[in-house]
Amino acid sequence: MELIQKTSDLSAYLAADEAVDHEHPRVREVAGRLAKEAEDSYAYARLAFEFVRDTVPHSQDSGDPRVTWRASDVLERRTGICYAKAHALAALLRAEDIPTALCYQRFDVVHGLVAVRLDGAWHRQDPRGNKPGVNARFSLGREQLAFTPDHAAGEADYPELYAAPHPTVLDVLKAAVDRPHLWETLPAAL
């Protein structure tokens, strides 16, 4: 699948916004700690991915009723669904000047992940969090995402790469009073 930048200006994929708030002190602190362990951008991107995937539980898996959507809140509260975890990973990567896009897949509901620009190309990464049947890995080669769409069943990969969260996704996150409410309002398509 060919990934399509929705914004031609690559600097848009380094920008901070209300959800990908990489200028927040919490994001900067985590990014700084991870950067000290990395010898280059690739190693940093892998460490940031593993940090979000492994230390921020997916709230559905953990049963956490809180809804987070801002990257700094995800890192502070250590909880979030796929969209929120994607915002956190994007913020950590952008904090170290690695262009990062938000992207989506469609299953029963829309699933969120990121694409990182390294080695002159975009590479999708899914920090959702592993569990039985889900084994996402950081890779610049063959994708190792949490889920693979069944195109015959109407599931899909959206090829668009967004510089900011899709408005439908952000609106649903911001309006949710708790995770059970969020689960009732997750978008089925973009």
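Residues numbered from 1 in each chain as written. Predicted model: local features only at pLDDT ≥ 70, side-chain atom pairs only at ≥ 80, totals over all residues. Heavy atoms only, no water.

J.: Just checking my understanding: could you explain the packing of helix α2 (residues 41-55) against helix α5 (residues 82-95) for this structure?
T.: Packed helix pairs are characterised by how far apart their axes lie and by the angle those axes make with each other. Two numbers describe how α2 lies on α5: the axes approach to 10 Å, and their chain directions differ by 150 degrees. As judged from the angle between their axes, α2 and α5 are roughly antiparallel. For the element pair α2 and α5, the recorded crossing hand is right-handed. Residues Tyr 44, Ala 45, Ala 48, Phe 49, Phe 51, Val 52 and Arg 53 of α2 form the contact with α5, whose own contacting residues are Lys 85, Ala 88, Leu 89, Leu 92 and Leu 93. Split into classes, the residues belonging to the contact of α2 with α5 amount to ten nonpolar, no polar and two charged. (Axes fitted to C-alpha atoms, helices over the stretch in contact; angles between N-to-C directions. Helix = DSSP H or I, 4+ residues; strand = E, 2+ residues; numbered from the N terminus. Parallel < 35°, antiparallel > 145°, perpendicular 65-115°, else oblique. Left-handed = near helix turned anticlockwise from the far one by under 90°. Contact = heavy atoms within 4.5 Å. Nonpolar A, V, L, I, M, F, W, Y, C, P; charged D, E, K, R; others polar.)

J.: Got a minute to help me understand the sheet that holds strand β3 (residues 110-118) in this structure?
T.: Remark on secondary structure: sheet strands pair via backbone hydrogen bonds, oriented parallel or antiparallel. Taking strand neighbours across the sheet as the criterion, the four strands line up as β4-β3-β2-β5 in an open arrangement whose pairing is antiparallel. Unpaired on one side and paired on the other, β4 (121-125) and β5 (156-157) mark the two borders of the sheet. Where strand β2 (residues 100-106) meets β3, seven bridges bridge the pair, whose relative direction is antiparallel. Across the sheet, residue Thr 100 finds its bridge partner in β3, namely Val 116. (Pairing = 2+ DSSP bridges.)

J.: Explain the side chain of Thr 100 here, please?
T.: With respect to the element layout, Thr 100 can be found in strand β2. A relative accessible area of 0% places Thr 100 in the buried class. A distance of 2.9 Å separates the side chain of Thr 100 from the backbone oxygen of Ile 98, its partner in a polar contact. Discounting residues that sit within four places of it in the chain, Thr 100 has contacts with Tyr 13, Ala 90, Leu 93, Arg 94, Val 114, Ala 115, Val 116 and Trp 122. (Buried < 20%, exposed > 50% of the residue type's maximum accessible area, 1.4 Å probe, protein only. Polar contact = N/O pair within 3.5 Å; in protein donor to acceptor, adjacent residues only side chain to side chain.)

J.: How do you make sense of the pairing of β2 when you look at a structure like this?
T.: Working note: regular strand, side chains alternate between the two faces of the sheet. Of all seven residues that make up β2, six are buried, and the element is covered over most of its length. In sequence, β2 turns back onto β3 through a hairpin of three residues. Of the strand pairs in this sheet, β2 and β5 are connected by two bridges, and their pairing is antiparallel. Within the sheet, the bridge partner assigned to Gln 105 lies in β5 and is Asp 157.

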